Protein chains: 4
Amino acid sequence: MNIGIVARLDTEDAVRLADKIVEFLQEKKINLTIDCSLSLKLGKYKEISCELEDMDVDMIMAIGGDGTILRTQNFINGKKIPIFGINMGTVGFLTEIEPEDVFSALEEVLAGNYFIEKRMQLRVCHYQELPSALNEVVIMTRKPAKMLHIEISVDDESVEELRADGLIIATPSGSTAYAMSAGGPIVDPRVNAFIIVPICPFKLGARPFVVSNQSEIKVKLLRKGKKAMAVIDGQFEEEINYMDEVIFKKSDNYAFFIRLTKAFYKRVREKLTEGGISP
Amino acid sequence: MNIGIVARLDTEDAVRLADKIVEFLQEKKINLTIDCSLSLKLGKYKEISCELEDMDVDMIMAIGGDGTILRTQNFINGKKIPIFGINMGTVGFLTEIEPEDVFSALEEVLAGNYFIEKRMQLRVCHYQELPSALNEVVIMTRKPAKMLHIEISVDDESVEELRADGLIIATPSGSTAYAMSAGGPIVDPRVNAFIIVPICPFKLGARPFVVSNQSEIKVKLLRKGKKAMAVIDGQFEEEINYMDEVIFKKSDNYAFFIRLTKAFYKRVREKLTEGGISP
Amino acid sequence: MNIGIVARLDTEDAVRLADKIVEFLQEKKINLTIDCSLSLKLGKYKEISCELEDMDVDMIMAIGGDGTILRTQNFINGKKIPIFGINMGTVGFLTEIEPEDVFSALEEVLAGNYFIEKRMQLRVCHYQELPSALNEVVIMTRKPAKMLHIEISVDDESVEELRADGLIIATPSGSTAYAMSAGGPIVDPRVNAFIIVPICPFKLGARPFVVSNQSEIKVKLLRKGKKAMAVIDGQFEEEINYMDEVIFKKSDNYAFFIRLTKAFYKRVREKLTEGGISP
Amino acid sequence: MNIGIVARLDTEDAVRLADKIVEFLQEKKINLTIDCSLSLKLGKYKEISCELEDMDVDMIMAIGGDGTILRTQNFINGKKIPIFGINMGTVGFLTEIEPEDVFSALEEVLAGNYFIEKRMQLRVCHYQELPSALNEVVIMTRKPAKMLHIEISVDDESVEELRADGLIIATPSGSTAYAMSAGGPIVDPRVNAFIIVPICPFKLGARPFVVSNQSEIKVKLLRKGKKAMAVIDGQFEEEINYMDEVIFKKSDNYAFFIRLTKAFYKRVREKLTEGGISP
């Protein structure tokens, strides 16, 4: 077994925990591959370091927040490497365990007491294929508080035309992230659907839509002279021009996660009710 | 071909239109079967009348509102007879055409220019199997404005415990009916999911949930001494007692509808924005 | 000083606490007046008992939930007697203190360390004047899940016409009660306004309205043959017929409460976020 | 009588209409003062042109959208000059009449058949006093989709702490603008209150708050390293730093509008239901 190690580098705690995890796993004689930038930050493990996109491992431990997971998945997309997330962020919806449980959880994982959860992704095209989204694509203005004029269609049937700050096309994984903030429903990850949620629509009565993941969603910018951008999982930005179409479909690639327990709804209650603000 | 004819009987217009449709189809030498109570109301067609649940026909024309469709489907459930709905109600989300277009639409249907849309239903169990729901099951107090205390679980994972006026478990077909009024998302009929929407939850932050139609939803009444009822498609009522569980799954039976055009989102815009109130 | 004592009688705990409070106050030589039905339940204090509506006291201690407070206020309306509420209910938004703090709080009150909060009420007319509402008036169908067709106007300008399960006209005090469940905003008790919130409107885009308490609100039932009822503070019911108008204005009478601290927003966070369900 | 004339300059139609209005009024021998930039654009009326902030007139006609009105009010704030708005924008909530009715409406106004509506404004302080807001102040991130961590207090009582894209503090006039898009209630302009509406709060259960206009609202930025900006009526921007407080109170200055009819709720229905998109 070969485990890759990735961490967010902007908090000392995550870097230090990553170091301890490496030591713990090396003692157990597990083969490790360390993300280059983490190795550089630690000033160690250069001989077993590697670029994230080149990692050829059986599993990746990601020490960080949801952003770390989304970024990691983006680099390994298409490779079927499961991610085991340790929460060093404020929310940690995609991570599996809290830092205090990391070593007991690792024992479980090494003993094979885990299962792999498959999460659907969103394929995004704008002239050419863009990176897939595990959570969501947000279409928004480049300048805050300037409205877009958007037309949405599903399988070539027009759904709605609206003026709004932006639009979110989310997977069920994304239903507990930005789509939730914009007023969308909580969607169980097992549902084969996408969610369309307008951001601050200038209209009484705009509602979230849930559409099949077998459908093709098209979003078109109608307002002349307004530029927009599509932000994929908070990681990747693409500029969108007037009359451009952005097309969304189910991706052929899934994201894979190491899970120790099923607890989707428990997370919803614990992480979203009080705003998930860590003390 | 044998066409069954059903109508709502509480408005003169629907009864009169049903009569005209019968005459129109008889002139075309189509075999007809008339719902007993309609035949009685018209004082005609006794020789070709039959109880709705015994109808052995290729298609049923239902002249009325969504209530007429729901009632008809309830009687023929399990039989794969498609329904062709003529809107004589205030909303008519499940009906296919408006009364002014009935004869030209009938010509199209007789010429075979239609397709059949399949709609998923909800199987409901409370000690024993109850009638399936095409739109929704509403669990509510017997006395208005008295709150229920409800526990919801999905595949035996607890989702939420809440106090509310009631709870709606809806199919995608029901997402544009009562579930919409209670704040649920619009769900495309092609999505394989159910929607759980609390009615007036006494809590900041209760949200609609969308769950897979492969899941089993359990609803349990927690408040001692409070009786509730489950109302299926507005047609059938069942009393629910303290600590009772009501279980929801995908039904094996579908409802079938004659459609001339695909226009789900057009209906949403036209029928729900202004409240669908006919003049 | 003369203190009146009222309690909910359907829970042993409230009755027992009321008894202890009476003993505590008698030891302090405070003149007391006990609500007749409480005296009867306790089998004591007959010589100092009195009907609630006849109480001539400086303050009333109400041991119970929000229902107890609303019922008490209803009986003493117009009299300017402040209520000191001890929470023996599930929520207790209108009560001031929790039962464990009752004796220390009483010491404070007897020492004069309190202030009086004045709360606005809603005057309700339907042919004749009905009891005023401290929280809200709910207009709803007599049969659950049957929609009303309602017209709302403010100072004779038509606001909206809608079909809904019902309608809430609430004071700011009521904004944290049923109006909150139906989706209304949280309104600070110092705001001179009423809130109009539809219950499950059958329309995309019905929104809560906030109107001045100097305005006159008129609600008219448009649907023929449907009877409705107006429920005032969950205490009083009045039948409403087709084409009837119910008229709402600011009441000349206020409700008065003994307060030890200002904590409106703290209550909102504590009592409404988790649904206020006591363990 | 002396009438000032202002117009948006980015659409030909508004400029042309302004020219016609000037001719119409000159024929009636009305004294006019033309906004400098409009005079420049038209290449006429230089002798009667003047900077907007220096206009000493009895009334200003503003030909444009809500942005034109907000900008005009901003320049004349404190002067009690009523604005008469002609809608050449997409929504026109603050304008009084549509362009096709301009000349008949002018006849009415010249005949004195109008009344003046007074609208409350919001005073904004951030170290020093900033321009007042007629509609709203939006506090948001400088970079879209990055959350702020905000603490809100009213009269020094903490209301809520939340993470969100931003926060809107609006007057009743602003309740039909951006605050409506973010999910706020519709507030009648006669209500003496402000509305606090979070933009995409990352929390289940954040609700709009309505607070008295006698209260002082304080908003504090809690997240280290994040810069934000306050945007006043979409016209004026101010940078806000970590731990800065922005303070909101009722302004001593009102905005004044020429009105021919009372039609607040009619506007809500007509301009907001269909998104107010002009063809």
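Residues numbered from 1 in each chain as written. Chains lettered and ligands numbered in written order. Predicted model: local features only at pLDDT ≥ 70, side-chain atom pairs only at ≥ 80, totals over all residues. Heavy atoms only, no water.

Right, let's get into the overall build of chain A. Helices and strands together make up the secondary structure of chain A, namely six helices and 19 strands. On C-alpha atoms alone, chain A measures out to a radius of gyration of 20 Å, which is about the 19 Å that the 2.2 N^0.38 rule sets for 279 residues. When its C-alpha atoms are laid out on the principal axes, chain A stretches across 60 × 35 × 35 Å. Here chain A holds 279 residues, and the buried ones make up 61% of them. Put simply, 67% of the contacts in chain A that link residues at least 6 apart link residues at least 24 apart. When the accessible surface of chain A is summed, it comes to about 10900 Å², and 46% of that surface belongs to carbon and sulfur atoms. Measuring between centres, the 35 positive side-chain charges of chain A sit 4 Å from its 41 negative side-chain charges. (Helix = DSSP H or I, 4+ residues; strand = E, 2+ residues; numbered from the N terminus. Rg over C-alpha atoms; globule rule 2.2 N^0.38 Å. Buried < 20%, exposed > 50% of the residue type's maximum accessible area, 1.4 Å probe, protein only. Contact = heavy atoms within 4.5 Å. Areas by Shrake-Rupley, 256 points an atom, 1.4 Å probe, with all protein chains shown as cover. Lys, Arg positive; Asp, Glu negative; His and termini not counted. Charge placed at Lys NZ, Arg CZ, Asp CG, Glu CD.)

A few words on helix α1 (residues 12–27) of chain C. Residue and element names in this part refer to chain C. Spanning 16 residues, α1 covers 23 Å between terminal C-alpha atoms, matching the ideal 22 Å at 1.5 Å per step. Of the residues making up α1, those classed as buried are Ala14, Val15, Leu17, Ala18, Asp19, Ile21, Val22, Phe24 and Leu25. In this structure, the buried side of α1 is in contact with β1 (2–7), β2 (31–35), α2 (36–42), β4 (59–64), β5 (83–87) and α4 (102–110). Lysine 29 lies just past α1 and shows a positive phi near 65 degrees. (Expected span 1.5 Å × (residues − 1).)

Residue and element names in this part refer to chain C. With six of seven residues buried, strand β10 (residues 148–154) lies mostly within the body of the structure. For β10 and strand β11 (residues 157–170), the ladder comprises seven bridges, and the chain directions are antiparallel. Along β11, the bridge assignment pairs serine 153 with serine 158. Hairpin remark: β10 followed by β11, antiparallel, with two residues in the connecting loop; positive phi at aspartate 155, about 50 degrees. (Pairing = 2+ DSSP bridges.)

The next point concerns the interface of chain A and chain B. Taken together, the contact pairs 29 residues of chain A with 29 residues of chain B. Summed over both partners, the interface of chain A with chain B buries about 2300 Å², with 55% contributed by carbon and sulfur atoms. Contact with chain B buries area across many residues of chain A, yet Glu157(A), Arg207(A) and Tyr265(A) alone supply 27% of it, more than any other trio. A salt bridge links Arg190(B) to Asp155(A), with the shortest nitrogen-to-oxygen separation between them at 3.0 Å. At the junction of chain A with chain B, the criterion picks out 22 residue pairs in polar contact (both at pLDDT 80 or more). Looking at side-chain class alone, the side of chain A that touches chain B contains 15 nonpolar, five polar and nine charged residues. (Buried area = accessible area lost by both parts, 1.4 Å probe. Salt bridge = Lys/Arg side-chain N within 4 Å of Asp/Glu carboxyl O. Polar contact = N/O pair within 3.5 Å; in protein donor to acceptor, adjacent residues only side chain to side chain. Nonpolar A, V, L, I, M, F, W, Y, C, P; charged D, E, K, R; others polar.)

Facing six residues of chain D, the contacting portion of chain B comprises six residues. For the pair chain D and chain B, the two sides together bury roughly 470 Å², of which 58% comes from carbon and sulfur. Considering only the side of chain D, the residues that lose the most area to chain B are Leu204(D), Gly205(D) and Arg207(D), jointly responsible for 68% of the buried surface there. On the surface where chain D and chain B come into contact, there are zero salt bridges. Across the chain D-chain B interface, the total number found is zero residue pairs in polar contact (both at pLDDT 80 or more). When its residues are assigned to classes, the side of chain D that touches chain B shows one nonpolar, two polar and three charged.

Summarising the sheet, strand β10 (residues 148–154) of chain D and strand β15 (residues 217–221) of chain D pair through five bridges and their orientation is antiparallel. Across the sheet, the residue bridging to Ser153(D) is Lys218(D), located in β15(D).

Evaluated as defined, the whole model comprises 76 salt bridges over all chains. Lys44(B) is the salt-bridge partner of Glu23(B), the closest N and O atoms lying 3.7 Å from each other. Pair noted here: Glu23(B) is in helix α1 (residues 12–27) and Lys44(B) is in the loop between α2 (36–42) and β3 (49–50), with a separation of 21 residues, a long-range link. On the basis of relative accessibility, which here comes to 40%, the residue Glu23(B) falls in the partly exposed class. We note a salt bridge from Lys227(D) to Glu239(D), for which the minimum N-O separation is 3.3 Å. One end of the pair, Lys227(D), is in the loop between β15 and β16 (228–232); the other, Glu239(D), is in strand β17 (residues 236–240), with 12 residues separating them in the sequence. Taking relative accessible area as the criterion, Glu239(D) reaches 34% and is therefore assigned partly exposed. Several salt bridges converge on common partners, so that one network encompasses Glu96(A), Glu117(A), Arg119(A), Arg259(A) and Arg267(A).

Structural alignment of chain A on chain B gives an RMSD of 0.0 Å, achieved by rotating through 180 degrees and translating 0.0 Å along the axis. What the superposition gives is, in effect, a two-fold axis relating one chain to the other. Taken together, the interface assignments show that 100% of the residues at the interface of chain A recur at the interface of chain B, consistent with an identical surface on both copies. (Least-squares fit on C-alpha atoms with pLDDT ≥ 70 in both.)

All right, on to the confidence of the model for chain A then. Low pLDDT marks regions whose predicted coordinates should not be analysed in detail. Residues and elements named next belong to chain A. Of all residues in chain A, 97% attain a pLDDT of 70 or more, and the chain-wide mean is 93. Low pLDDT, under 50, characterises residues 275–279; the predicted model gives this stretch 11 contacts beyond four residues in sequence or across chains. With a pTM of 0.95, the predicted complex shows an ipTM of 0.93. (pLDDT = per-residue confidence, 0-100.)

Another aspect to go through is the domain arrangement of chain A. Residue and element names in this part refer to chain A. Examined at the domain level, chain A breaks down into domain 1 (2–120 + 254–272) and domain 2 (122–250). Its C-alpha centre places domain 1 at a distance of 29 Å from the equivalent point of domain 2. At the junction of the two partners, domain 1 supplies 18 residues and domain 2 supplies 21 residues. For the pair domain 1 and domain 2, the summed buried area comes to about 1600 Å², and 65% of that belongs to carbon and sulfur atoms. Among the residues of domain 1 in contact with domain 2, Leu70, Met120 and Phe264 are the three that bury the most area, contributing 42% of the side total. In this assembly, domain 1 and domain 2 are joined by zero salt bridges. (Domains from an automatic or database assignment.)

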